[in-house]
Amino acid sequence: MPDSMSEQLQRDMVCEGLLECFHGLKQLDKEIFQQLVKTEEPLTIDEIAEKVDRERSTAYRAVQRLLQAGFIQKEQVNYDQGGYYHVYKPTDPAKIADDMQRLLNDWYAKMGQLIQEFEAKYDEQDASAPSLGS
């Protein structure tokens, strides 16, 4: 069960916690992201799996989550004799931050709307309830 908002606000958070908070990413996803950030060159799935000491299929699933969240990018590298392979690199941190800010703004607007709906619903019920003093 997710922590309540008040519990989350009381916890000490680090910037990497945003990966989990915003996108529900797992510890392995964060490790892979950090490895890609530390590495100068884009990495293949096999290289990523080796760096985090996991099976290729496990690393691949984590990479797919990171791709879907927009934290990394996939590039195709072509062989001269035909064929290709993919490499992965981190997305520009400014773009990630902009996307998270946009997501936060959308969430904030949605929560504001729900609070207004709550207030309107329960104000109506208060107004329609018979008073005991009449």
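Everything discussed here concerns the structure shown above.
Every value quoted in this text rests on a predicted model; they were computed, and no experiment measured them.

J.: Explain the environment of Tyr84 to me, using residue names and the numbers behind them.
T.: Its location among the elements puts Tyr84 in strand β2 (residues 84-90). With a relative accessible area of 49%, Tyr84 lands in the partly exposed category. Residues contacting Tyr84, with those up to four places away along its chain left out, are Gln76, Val77, Asn78 and Tyr79.

J.: Give a detailed account of the packing of helix α3 (residues 27-38) against helix α4 (residues 45-52), specifying residues and quantitative values.
T.: Where α3 meets α4, the axes come as close as 10 Å, and the angle between the chain directions of the two elements is 110°. Classified by the angle between their axes, α3 and α4 sit roughly perpendicular to one another. Along this stretch, α3 crosses α4, giving a crossing that reads as right-handed. Where α3 approaches α4, its residues Leu28, Glu31, Ile32, Gln35 and Leu36 are matched on the opposing element by Ile48, Lys51 and Val52. Looking at the contact of α3 with α4 residue by residue, the classes come out as five nonpolar, one polar and two charged.

J.: I'd love a proper account of the packing of α3 against helix α5 (residues 56-69), names of residues and values included.
T.: The geometry of α3 relative to α5 is characterised by a closest axis approach of 9 Å and an angle of 80° between their N-to-C directions. The orientation of α3 with respect to α5, classified from their angle, is roughly perpendicular. Touching Leu28, Asp29, Ile32 and Phe33 of α3 are Thr58, Ala59, Ala62, Val63, Arg65 and Leu66, all from α5. Its residues assigned to classes, the contact of α3 with α5 shows seven nonpolar, one polar and two charged.

J.: Can you lay out the nonpolar core for me, pointing to particular residues and giving the numbers?
T.: Ile32, Ile48 and Phe71 are the most contacted members of the largest nonpolar core, which totals 20 residues. Looking at this core, the elements with two or more residues in it are α3, α4, α5 and α6 (93-128). The element that contributes the greatest number of residues to this core is α5, accounting for five residues. Sequence-distant contacts of Ile32, that is, excluding residues within four places in its chain, are made with Ile48, Val52, Ala59, Ala62, Val63 and Leu66.

J.: Break down the pairing of strand β1 (residues 72-78) for me, citing the residues and quoting the values.
T.: In this sheet, β2 lies alongside β1 in antiparallel orientation, the contact comprising seven bridges. Across the sheet, Ile72 pairs through a bridge with Pro90, a residue of β2. Hairpin connection, β1 to β2: the antiparallel pair is bridged by five residues, and Gly82 has positive phi, about 110°.

What counts, and where the lines are drawn
- Each residue is numbered by its place in its chain's sequence as written, counting from 1.
- Given that this is a predicted model, residues contribute local features only at a pLDDT of at least 70 and side-chain atom pairs are listed and counted only at 80 or more, while totals for whole chains, interfaces and linings are drawn from all residues.
- Side-chain metrics in this entry use all non-hydrogen atoms of the structure; hydrogen atoms and water are not considered.
- In this text, helices come from DSSP runs of H or I with a minimum length of four residues, and strands from runs of E with a minimum of two, each type numbered from the N-terminal end.
- Categorising residues by exposure relies on relative accessible area from a 1.4 Å probe, with only protein chains included: less than 20% of the type maximum marks a residue as buried, more than 50% marks it as exposed, and the intermediate range marks it as partly exposed.
- Contacts: residue pairs with any heavy atoms within 4.5 Å of one another.
- Think of each axis as a best-fit line through the C-alpha atoms, taken over the contacting stretch in the case of a helix, with angles from 0 to 180 degrees between the N-to-C directions.
- Throughout, the term roughly parallel applies to angles under 35 degrees, roughly antiparallel to angles over 145, roughly perpendicular to angles from 65 to 115, and oblique to all others.
- The hand of a helix crossing depends on one turn: near helix anticlockwise from the far one by less than a right angle means left-handed, and clockwise means right-handed.
- Under the scheme applied here, ten amino acids are nonpolar (Ala, Val, Leu, Ile, Met, Phe, Trp, Tyr, Cys and Pro), four are charged (Asp, Glu, Lys and Arg), and all others, including Gly, are polar.
- Residues belong to a common nonpolar core when they are buried Ala, Val, Leu, Ile, Met, Phe, Trp, Tyr or Cys residues joined through side-chain atoms within 4.5 Å.
- For two strands to be treated as a pair, DSSP must find no fewer than two bridges joining them.

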